[in-house]
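# Reading the structure
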Amino acid sequence: MYTNLITELSNYILTIIINRPKYLNALNRQTVLELEDCILKAQENNLIKGIIITGSGEKSFVAGADIKEFIGLSETEARYLAHIGQSAFKTIENCKKPVLAAVNGFALGGGCELAMACHLRIASEHAEFGQPEVKLGIIAGYGGTQRLIQYIGKTKATEYHLTGKNISAENALNFGLINYIVPKDQLIAKSIELLNDIIKHSPITISAVLRSLNSFYDINEKGFESEINEFGKCFLTNDSKEGIAAFLEKRKPIFKGN
Ligand code: HXC
C-alpha cells in the first residue's frame, strides 16, 4: 500500500518500518507524507492500540531528510519542505495512541527529529543520535531545534546543534533523550513489552495523558515557525549549496561565509 513503508499489525500493535535501506532510510518527501497518512489511519483503526516506528536493516533508523532533495531548493520550497515535515511530526506527537521509536541505528537530522516526535524512544546499543545539519550549511527543519531542548535542555542542545556531533546511545540515555538502551536483538521485543504495559490501560486515559503532557509545550509553538523561517533562509546562501554538494560528492565542505 505504501512505497516506502512496511506495516505489520500484531496483537493491537502496528509496526511501521521505514524502508529505504539503500539510503539509510532517509526521509524523502513521499516517505514523510506516507508516514503522516499511516499515523492518521492508525489513529482511527480500532484494531490498533499502540504504534512502533523503526527503520529497515540493522544500520540505520533514519539518516535524516533526503539530502538529494535539497539540491536547488528555493527559500520558498525549503520552507514548504520543513512545513510538511513539521506537520507530519506534529501528527505523530499529537497522536492519541502511544507512538514509540525503536531506534535501530543512525537517528540523524530528520531521523533524530522523528524519534523525538514519538512519545517514547528505545535504542539499540549501537544507535547514534544527532543534528548534523550544520555540517551541510543548513539547520534542522523538522522541529529539532525545539524538541532537542525539550528533552536534553538548552546547554547540551546548543552544543550538539552547533557542533553537529553525534550523541551515543549511552549519552542519549544519560541526557534523558531516550527511555532505554537494549541489545539490538531485543529492540522490538522490549518495545512491544513497554507498549503492552501502556495499552493495557484505558485508551481514553492514555489519550488524556498524552494530550496533557503535550500541552506543557504549547506556549513554545512560535519556535517551530522560527525554525521554518531560518531553515528557508539557509537556502539563500552559497554555503548551503556547498555543504549539500560536498556531502553528495563525498568530500569536506569549504564554507566561505556567504
Ligand atoms: C540522502 C543519504 C543520507 C541522507 C545517507 N545517505 N544519508 N542519502 N540523504 N540523509 C546515502 C549515502 O549518500 C549513500 O548513498 C548511502 O546512503 C549510504 O551512506 P554512506 O554515507 O555511504 O554510509 P556511511 O559511510 O556508513 O555513513 C553513514 C552516515 C552518513 C554517517 C549516516 O551517511 C551521513 O552522514 N549521512 C547524512 C546524515 C545527515 O547529514 N543527516 C541530516 C540531513 S538534513 P550512495 O548512493 O553513495 O551509496 C536533515 C534536515 C531535516 O535531516 C529537516 C528538513 C526540512
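In this report, we go over the structure that sits alongside the text. (Residues numbered from 1 in each chain as written. Predicted model: local features only at pLDDT ≥ 70, side-chain atom pairs only at ≥ 80, totals over all residues. Heavy atoms only, no water.)

## A look at the side chain of Thr54
Its place among the elements puts Thr54 in strand β3 (residues 50-55). Within the local environment of Thr54, its side chain forms a polar contact with the side chain of Asn104, the two groups lying 3.4 Å apart. Discounting residues that sit within four places of it in the chain, Thr54 has contacts with Thr15, Ile16, Ile17, Ile18, Phe61, Ala102, Asn104 and Ile188. (Helix = DSSP H or I, 4+ residues; strand = E, 2+ residues; numbered from the N terminus. Polar contact = N/O pair within 3.5 Å; in protein donor to acceptor, adjacent residues only side chain to side chain. Contact = heavy atoms within 4.5 Å.)

## Observations regarding the pattern of salt bridges
By the definition in use, this model includes 13 salt bridges. Here Glu249 makes a salt bridge to Arg251, at a shortest N to O gap of 2.8 Å. Where salt bridges share partners, they join Glu242, Glu249 and Arg251 into one cluster. (Salt bridge = Lys/Arg side-chain N within 4 Å of Asp/Glu carboxyl O.)

## Remarks on the side chain of Glu242
When you line up the elements, Glu242 lands in helix α9 (residues 238-248). A residue is classified by how much of its surface remains accessible, and Glu242, at 18% relative accessible area, is buried. Not counting the four nearest positions on each side in its chain, Glu242 is found in contact with Arg251, Lys252, Pro253, Ile254 and Phe255. (Buried < 20%, exposed > 50% of the residue type's maximum accessible area, 1.4 Å probe, protein only.)

## Things to note about the sheet that holds strand β2 (residues 13-18)
Strands sit in the order β1-β2-β3-β5-β7-β10 across an open sheet of six strands; the sheet is mixed. Looking at which strands have only one partner, the edges of the open sheet turn out to be β1 (5-10) and β10 (180-182). Direction aside, neighbouring strands of the sheet carry axes that sit 20° apart on average. Note that β1 and β2 share six bridges and pair antiparallel. Note on β2: the bridge partner recorded for Leu9 is Leu14. Taken strand by strand, helix α1 (residues 29-44) contacts β1, β2 and β3, and its axis lies near 175° from that of β2. (Pairing = 2+ DSSP bridges. Axes fitted to C-alpha atoms, helices over the stretch in contact; angles between N-to-C directions.)

## Describing a nonpolar patch on the surface
On the surface, a cluster of nonpolar side chains totalling about 300 Å² of accessible area is made up of Leu9, Tyr12 and Leu47. Position of Leu9 among the secondary structure elements: in strand β1. (Patch = residues over 30% accessible without salt bridge, like charges linked within 9 Å, V, L, I, M, F, W, Y side chains within 5 Å. Areas by Shrake-Rupley, 256 points an atom, 1.4 Å probe, with all protein chains shown as cover.)

## Some remarks on the packing of helix α3 (residues 110-117) against helix α4 (residues 144-163)
Relative to each other, α3 and α4 sit at 55°, their axes nearing to 10 Å. Considered as vectors, α3 and α4 are oriented oblique to each other. Regarding α3 and α4, the two cross each other, and that crossing is left-handed. Contacts between α3 and α4 involve Glu113, Met116 and Ala117 on the former and, on the latter, Gly144, Arg147, Leu148 and Tyr151. (Parallel < 35°, antiparallel > 145°, perpendicular 65-115°, else oblique. Left-handed = near helix turned anticlockwise from the far one by under 90°.)

## Let's talk about the pairing of β3
Burial runs high along β3: six of the six residues are buried. What you see with β3 is no split at all: Gly50, Ile52 and Thr54 on one side and Ile51, Ile53 and Gly55 on the other are buried throughout. Bridging between β2 and β3 involves six bridges; their strand directions are parallel. Looking across to β3, one finds that Ile13 is bridged to Gly50. With four bridges connecting them, β3 and strand β5 (residues 99-103) associate as parallel partners. Looking across to β5, one finds that Thr54 is bridged to Ala102.

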